[in-house]
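# A closer look at the structure
So the chains spell out like this:
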Amino acid sequence: MRERKNFFGPVEKALYDYQLIENGDKILIGASGGKDSTALIEFFSQLKKRPSLQFEYKALHIKSDFAPPFPEKIKALFEKWDVPFEVRGINTLERVKDGFKMNCWWCSTQRRRELLLYAVENGYNKIALGHHLDDVLETFLMNMTNKGELSTMIPKLKLEKYPVEIIRPLYYLPENELIEHAKNSEYAGFTCTCNYQNNSTRKEAKSLINIITAGNDNTKELMLKALKNVNHDYLP
């Protein structure tokens, strides 16, 4: 698969379609060290150079007590791109309540909570996350088959309990293209390999999406379009 000439074209489109970034914004980016958030941060570093859009941003990595160190290669890229970056450590294990076990979901909720608290404490009005097109479709299937609910991630979400909006600029980007871009850009591979992983439900959803679309990104884009083109006359 060849990388498209303008890799960030779909990101630009998402920004335009949903007004994700505006003058005066102060944006906190969740930095996991993986390909998705790294591509998102690369885009922000390029966007920041445009005089037509005035905003502030910072990349923040929330490190749980059992997670490996943030990849040095990715840190070096952030320095090269002049990205403001910080690592904040949290003790996730001690937050687990009696009678419960640590798991992927609990860890992710604690890290997301820290992002929110940091944003509020430091005056950020938006948090940018690296969810892509495949994440959106997988979440739709997971909610449909596990909750009996038609819902998924949305590109812009205003939180009720916090003065912060969640934005997802990679909303239109399929994962295949992110993988190819990461290879071409020599992003260091980094994924969570802790002993508490249990994301079998998402893996099953990913497999189903690949079966339904045969790995065709155009079909994935049509599935996303369908989520915005609901014909209520032919639904119960």
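Data block above holds the structure.
Keep in mind that what you see is a predicted model, and the values were worked out from it rather than measured.

Here the focus is the pairing of strand 1 (residues 26–30). In terms of burial, strand 1 is a largely internal element, four of the five residues being buried. Here strand 1 pairs with strand 2 (residues 56–64) via five bridges, running parallel. If you follow L28 over to strand 2, its bridge partner there is K58. Note on the crossover from strand 1 through helix 2 (residues 35–47) to strand 2: the handedness is right-handed.

With respect to the element layout, N125 can be found in the loop between helix 4 (104–121) and strand 4 (126–128). Overall, the relative accessible area of 28% leaves N125 in the partly exposed class. The sequence separation of N125 and E165 amounts to 40 residues, and the corresponding C-alpha distance is 6.4 Å. Apart from residues lying up to four places away in sequence, N125 is in contact with D25, K26, P163, V164 and E165. Separated by 2.9 Å, the side chains of N125 and D25 make a polar contact. One polar contact links the side chain of N125 to the main-chain amide nitrogen of K26, over a distance of 2.7 Å.

This paragraph deals with helix 8 (residues 217–227). Here helix 8 has its buried residues at D217, K220, M223 and L224. Angular distribution of buried residues about the axis of helix 8 spans 110 degrees; they occupy a single face of the element. Residues N218, L222 and K225 are exposed on helix 8 and point more than 90 degrees away from its buried face. For helix 8, the side-chain oxygen to backbone nitrogen distance between the N-cap and N218 is 2.7 Å, and the N-cap itself is N216.

Here is what the cut-offs are and how they apply
Residues numbered from 1 in each chain as written. Predicted model: local features only at pLDDT ≥ 70, side-chain atom pairs only at ≥ 80, totals over all residues. Heavy atoms only, no water. Buried < 20%, exposed > 50% of the residue type's maximum accessible area, 1.4 Å probe, protein only. Helix = DSSP H or I, 4+ residues; strand = E, 2+ residues; numbered from the N terminus. Pairing = 2+ DSSP bridges. Right-handed = clockwise from strand over helix to strand, strands pointing away. Contact = heavy atoms within 4.5 Å. Polar contact = N/O pair within 3.5 Å; in protein donor to acceptor, adjacent residues only side chain to side chain. Arc of directions from axis to C-beta.

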